[in-house]
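Spelled out from the first residue to the last, the chains are:
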Amino acid sequence: MKQTAKIAIIGTGFSGLGMAIKLKEAGFDDFVILEQSDNVGGTWHDNHYPGCACDVQSALYSFSFEQNPNWTRMFAPQPEIQAYLRHCAEKYGLMDHIRFNTHVAGARWDEATSGWVVETCNSAKLWDYMEKKGLKPGDELDRSDKALPPIRKLRSEILVSGMGGLSTPAYPEIKGIDTFTGASFHSQNWDHDYDFRGKRVAVIGTGASAIQFVPEIAKEAAHLDLYQRTPPWIMPKPDREIRPLERAMFRRFPQTLNAFRQSIYWMLEARVLGFVGTPRILKVGELQARRHIRNQIKDKELRKKVTPDFHFGCKRVLISNNYYPALDQEHVDVLTDGVREVKGNTIIDNNGTERPVDCIVYGTGFKAQEPIPRGMIFGRGGQDLLDAWREGAEAYKGTTVAGFPNFFMLMGPNTGLGHSSMVYMIESQVQYVLDAIKKMDHRGWKSVEVKEDAYSQYNASIHAKLGDSVWQTGCKSWYVNENGKNTTLWPGFTWQFRKQTRRFDAEQYVCESAEVMEQGAEPALAS
């Protein structure tokens, strides 16, 4: 297998596939896509829990150049989104570029050759190794361990990360959790063979995934304990079937689908005014959310438990029509006293109350503040990317980092949205990276690296805008790190981001030519 490529792309979600499609259209064919799973789809392949679906309207949750007239619902379920991404990979000739079951163990910038050395290994063997060692996704590997699966090295001039910010599962730190004698799994690693019928089930967490799978568990479990730290604001979900006649019209007249898509885009875009412009506008949303609670929950004590005490919009606003009714059942308990420890098959809360359970499901989300794990990306001087991010993740236009030449991130820091489709942001970044690669190729640049002052000034401006947003009103959310820094969200309209990424601004970069570059020794990733 060829172990060199001009461009290496990590991941086959919307980011990785979008980048690859546009590279191929621009005439770049010397690229490889590294995918740790056995199929395309990224998060839409890895997350397959019951009830999994998108919380952005289907018509907008697709590539602008490959709109899908065949969505069956206003909010597409996971299988349809994964099938759509597979369709894109096949239609645009990407399958031969993808190396499935290939885990990226690390990548290091090679000063001698001005390129990247990417280390990979077989995913299945690595996961088996991690299970035996008691390691979880995102844990740093001990490279001196001889039991570690064999490592292969790939050299590339350019490295593009399409891993996304919500890809590494987060687990709660609970005393005794490793001694639990029952079944347990994270929502991303759903055990479809586990039979919930007649079982006592504990769900820890009430985030975006939990509100989708909790109603499904409640249908089967004998008893469900939902451990809630903070209740989210939840709005009604305006979902319905897209009727066959409508789908036929979209296929026959694609302009009607595009018009529908544009109407959704501008409707969602208006929400920015509340998030970063005039937060008091969001009071209307809060009133609707409170009405939603009253309409769906009869128990007054339960209403109090699920009503947030923070500003509407400070945390991610969720949508659901079946979550509250699921909680308002006799065999479901919403518990707000936390978890002190686990002993055997018993969970003990902070009041000392013991509750036996057969299964624990973690709905605790992802490590949003560590979108790329420690020990994975090393830039100039062998600096770990997480050391460059000591105060929190940041990037120039959400894409490049000072000290990490020829490294581009899609869905990087401060590109996340609280109001619209991430696919729009991804396409904007793809255009920026593609223009960078075109300029490198045309002008003979061997490497491009964002200047430190441009990097610092850009991030200072981002956080100045975030300071007045609803996300900085005091709640504890995965948007904000322990230092109070919002590393995830874009503080503005999506069209503003597209405007600033429409071209690669080379004047903000140190661009080095390809002259007198000699092949050097391979760097070792082990420190």
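Residues numbered from 1 in each chain as written. Predicted model: local features only at pLDDT ≥ 70, side-chain atom pairs only at ≥ 80, totals over all residues. Heavy atoms only, no water.

### Some points on the overall build of the protein chain
A tally of helices and strands in the protein chain yields 15 helices and 20 strands. Its C-alpha atoms give the protein chain a radius of gyration of 23 Å, within 12% of the compact-globule value 24 Å for 527 residues. Once the C-alpha set of the protein chain is aligned to its principal axes, its extents read approximately 75 × 55 × 45 Å. Considering the protein chain as a whole, with its 527 residues, one finds that 55% of them fall into the buried category. By sequence separation, contacts in the protein chain at least 24 residues apart represent 74% of the contacts at least 6 residues apart. By element, 49% of the accessible surface of the protein chain is carried by carbon and sulfur atoms, the whole surface being about 23100 Å². (Helix = DSSP H or I, 4+ residues; strand = E, 2+ residues; numbered from the N terminus. Rg over C-alpha atoms; globule rule 2.2 N^0.38 Å. Buried < 20%, exposed > 50% of the residue type's maximum accessible area, 1.4 Å probe, protein only. Contact = heavy atoms within 4.5 Å. Areas by Shrake-Rupley, 256 points an atom, 1.4 Å probe, with all protein chains shown as cover.)

### Things to note about the pattern of salt bridges
Any two side chains of opposite charge can pair, so long as their charged atoms come close to each other. Applying the stated criterion across every chain yields a total of 31 salt bridges. With its nearest N and O atoms 3.0 Å apart, the salt bridge here joins Lys22 to Glu25. Separated by three residues within a single helix, Lys22 and Glu25 lie in helix α1 (residues 14-25), roughly one turn from each other. Since its relative accessible area comes to 22%, Lys22 is described here as partly exposed. Three or more residues joined by partner-sharing salt bridges are found here, namely Lys6, Glu157 and Asp441. (Salt bridge = Lys/Arg side-chain N within 4 Å of Asp/Glu carboxyl O.)

### Points about the sheet that holds strand β8 (residues 200-204)
With parallel pairing, five strands are arranged side by side in an open sheet as β7-β16-β8-β9-β12. Of all strands in the sheet, those bounded by a partner on one side alone are β7 (183-186) and β12 (332-335). Looking at each pair of strands side by side, their axes are set apart by 15° on average, direction ignored. Bridge analysis of β8 against strand β16 (residues 359-362) gives four bridges, and the strand direction is parallel. When the sheet's bridge partners are listed, Val203 is paired in β16 with Val361. (Pairing = 2+ DSSP bridges. Axes fitted to C-alpha atoms, helices over the stretch in contact; angles between N-to-C directions.)

### Overview of the environment of His87
Within the fold, His87 resides in helix α3 (residues 78-91). When the C-alpha atoms of His87 and Val40 are compared, they prove to be 9.6 Å apart, with 47 residues separating the residues in sequence.

### Some words on empty space enclosed by the protein
The tally for this structure, following the rule as stated, stands at three cavities of 30 Å³ or more. Roughly 70 Å³ of volume is contained in the largest cavity. Lining the largest cavity are 14 residues, and of these Ala59, Trp71, Ile242, Phe250 and Phe260 lie nearest its centre. The element contributing the most residues to the lining of the largest cavity is helix α7 (residues 254-269), with three residues. Of the residues belonging to the lining of the largest cavity, the class tally is nine nonpolar, four polar and one charged. Put simply, the second largest cavity is a space of about 60 Å³. (1 Å grid on protein atoms, 1.4 Å probe; cavity = no way out; pocket = protein on both sides within 12 Å on 5 of 7 lines; lining within 4 Å. Points joined across faces, edges and corners; volume = space filled by probe spheres on them. Nonpolar A, V, L, I, M, F, W, Y, C, P; charged D, E, K, R; others polar.)

### A short note on the state of the cysteines
As enumerated under the stated definition, the model contains one disulfide in all. A disulfide bridge connects Cys314 with Cys475, and the sulfur atoms are separated by 2.0 Å. Where Cys314 bonds to Cys475 through sulfur, the torsion about that S-S bond is close to -100°, and the disulfide is left-handed. Here Cys475 lies in the loop between α14 (452-466) and α15 (494-500) and Cys314 lies in the loop between α10 (300-306) and β11 (318-319), a separation of 161 residues in the sequence. (Disulfide = S-S within 2.5 Å.)

### Some points on the pairing of strand β4 (residues 102-110)
Of all nine residues making up β4, nine are buried, and the element is well covered by its neighbours. Inspection of the sheet shows β4 paired to strand β5 (residues 115-122) by eight bridges, in the antiparallel sense. Residue Asp110 lies in a different strand from β5, and its bridge partner there is Gly115. What sits between β4 and β5 in their antiparallel hairpin is a turn of four residues, with Ser114 showing a positive phi close to 50°.

### Considering the confidence of the model for the protein chain
Residues of the protein chain with pLDDT of at least 70 account for 96%, and the chain-wide mean is 93. Confidence over residues 516-527 falls short of pLDDT 50; this stretch has 28 contacts with residues more than four positions distant or in other chains. (pLDDT = per-residue confidence, 0-100.)

### Here we look at the nonpolar core
Within the largest apolar cluster, 141 residues are counted, with the highest numbers of intra-cluster contacts made by Phe14, Ile217, Leu327, Val361 and Ile377. In terms of residues, this core owes the most to one element, helix α13 (residues 422-443), which gives 12 residues. In contact with Leu327, not counting residues within four places along its chain, are Val214, Leu226, Leu302, Val306, Val332 and Val334. Within the second largest apolar cluster, 12 residues are counted, among which are Tyr227, Leu335, Ile347 and Val357. (Core = buried A, V, L, I, M, F, W, Y, C linked by side-chain atoms within 4.5 Å.)

### Here we look at the side chain of Lys485
For Lys485, the position within the fold is in the loop between α14 and α15. Using a relative accessible area of 16% as the deciding quantity, one classes Lys485 as buried. Separated by 3.5 Å, the side chain of Lys485 and the backbone oxygen of Gly392 make a polar contact. (Polar contact = N/O pair within 3.5 Å; in protein donor to acceptor, adjacent residues only side chain to side chain.)

### A word on the packing of α1 against α3
The geometry of a pair of packed helices is captured by two quantities: the angle between their axes and the separation between those axes. The contact between α1 and α3 brings their axes to 10 Å, and the two run at 20°. When the axis of α1 is compared with that of α3, the two are roughly parallel. In this structure, α1 crosses over α3, and the sense of that crossing is left-handed. Of the residues in α3, those touching α1 at Phe14, Leu17 and Ile21 are Ile81, Tyr84, Leu85, Cys88 and Ala89. In the contact of α1 with α3, the residues fall into eight nonpolar, no polar and no charged. (Parallel < 35°, antiparallel > 145°, perpendicular 65-115°, else oblique. Left-handed = near helix turned anticlockwise from the far one by under 90°.)

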